[in-house]
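Chain by chain, the residues:
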Amino acid sequence: MFNLDVVPYEEKIYKKRIKKVNGEAKQGKEKINNSYNLLISHIEKYKQLENLLPLSFSIPNYKVDDWHNIFYDFYDKKTDDFTELKKEIKKKTKDNPYSKKGLKCSYCGILRHSLADLDHFMPRSKYPEFSILSWNLIYVCKECNQDYKKSSFLTTDGTRKFLHPYYDIYNVPTKTNHLIQHSY
């Protein structure tokens, strides 16, 4: 197992989707704009990963159709900034010496023909506010994403099924069989 290099979180991607250049809310995003600072502080809490409740629990009068779908759809919008972010995440994955040129899954550690699935570590169906958060996007093998993890990242007792490739500490054997620790 190995750590991936963190791609810096860019608040401007969220801001661009929610606000106009003058800082006012874009049409249909008024409620999100009113809680923009809460959203940004929630994103900053992401690194804790434990006991992180969906943003919907923190926002008064949250309605799934109002907020959930807007955040959920952020990922599907083809914008230059998000396309560049995905390319950067893929490049850092492929350039990582432990990923074996992007063919070793950071969840299961198995060499694959490709790592074509960009997975949301915390599923966007439950945490749509993290749908375009760089820290939540991880290239993994199809088997881990579609057959094992699917839209779940917790076991029935509430513990995580996977280590987080950006934040959890992995022990990686070196050529001299010593262990090194990577933490970000």
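All of the points below concern the structure found in this document. Just so it is clear, the structure is predicted and the values come from calculations on it, not from any experiment. Positions within a chain are numbered from 1, following the residues in the order the chain's sequence is written. It should be noted that, the model being predicted, local features are given only for residues of pLDDT at least 70 and side-chain atom pairs only at 80 or more, the latter also being counted only at that level, while totals for whole chains, interfaces and linings use all residues. Hydrogens and water are ignored here; the side-chain numbers use all heavy atoms of the structure.

Accessible area is worked out with a 1.4 Å probe on protein chains only. A residue is then buried under 20% of its type maximum, exposed over 50%, and partly exposed in between. Each helix is a run of DSSP H or I of at least 4 residues and each strand a run of E of at least 2, with the numbering of both proceeding from the N terminus. Of the two faces of strand E2 (residues 137–140), both are covered, the one formed by Leu137 and Tyr139 as well as the one formed by Ile138 and Val140. By this definition, two strands are paired if DSSP reports at least two bridges between them. Here strand E1 (residues 117–120) pairs with E2 via four bridges, running antiparallel. Counted as the bridge partner of Asp117 is Val140 from E2.

The next thing to look at is the nonpolar core. Only buried residues count toward a nonpolar core, which is a set of Ala, Val, Leu, Ile, Met, Phe, Trp, Tyr and Cys residues joined through side-chain atoms within 4.5 Å. Core analysis: the largest hydrophobic core is formed by 46 residues, its most contacted members being Ile43, Tyr46, Phe121 and Met122. Apart from the residues lying within four places of it in its own chain, the contact partners of Ile43 are Tyr9, Tyr14, Phe130, Leu133 and Trp135. We call two residues contacting when some pair of their heavy atoms lies within 4.5 Å.

So, about the packing of helix H1 (residues 11–18) against helix H3 (residues 36–44). The geometry of H1 relative to H3 is characterised by a closest axis approach of 12 Å and an angle of 150° between their N-to-C directions. When the interaxial angle is binned, H1 and H3 end up roughly antiparallel. H1 and H3 meet at a crossing whose hand is right-handed. Across from Glu11, Tyr14, Lys15 and Ile18 in H1, the residues of H3 making contact are Tyr36, Leu39, Ile40 and Ile43. What counts as an axis is a line fitted to C-alpha atoms, over the stretch in contact for a helix, and the angles between N-to-C directions run from 0 to 180 degrees. Geometric relationships in this document are graded by angle, where less than 35 degrees denotes roughly parallel, more than 145 denotes roughly antiparallel, 65 to 115 denotes roughly perpendicular, and other angles denote oblique. By convention, the crossing between two helices is left-handed when the near helix turns anticlockwise from the far helix through less than a right angle, and right-handed when the turn is clockwise.

Next up on the list: the packing of aromatic side chains. Aromatic rings from Phe, Tyr and Trp, taking only the six-membered ring of Trp, are treated as a pair when their centres fall within 6.5 Å; an angle between ring planes under 30 degrees marks them as stacked, one over 60 as edge-to-face, and anything in between as tilted. Going through the model one piece at a time under the given rule, you end up with 17 aromatic pairs. Looking at Lys149, its charged tip hangs above the ring of Phe121, at a distance of 6.0 Å from the centre. Look at NZ for Lys and CZ for Arg. If either is within 6 Å of the ring centre and within 35 degrees of the ring normal, a charge sits over the ring.

All right, on to the pattern of salt bridges then. Opposite charge on two side chains allows them to pair when their charged atoms are near. Salt-bridge detection follows one rule: a side-chain nitrogen of Lys or Arg within 4 Å of a carboxyl oxygen of Asp or Glu. The full count for this structure, using the stated rule, is seven salt bridges. For the salt bridge of Arg17 with Asp81, the shortest nitrogen-to-oxygen distance reads 3.8 Å. Of the two residues, Arg17 is situated in helix H1 and Asp81 in helix H5 (residues 80–95); the sequence distance between them amounts to 64 residues. Notably, a salt bridge pairs Asp95 with Lys91, separated by 2.5 Å at the nearest N-O pair. Taken as a pair, Asp95 and Lys91 lie in helix H5 at a separation of four residues, close to a single helical turn. Looking at Lys91, the relative accessible area reads 52%, which means it is exposed.

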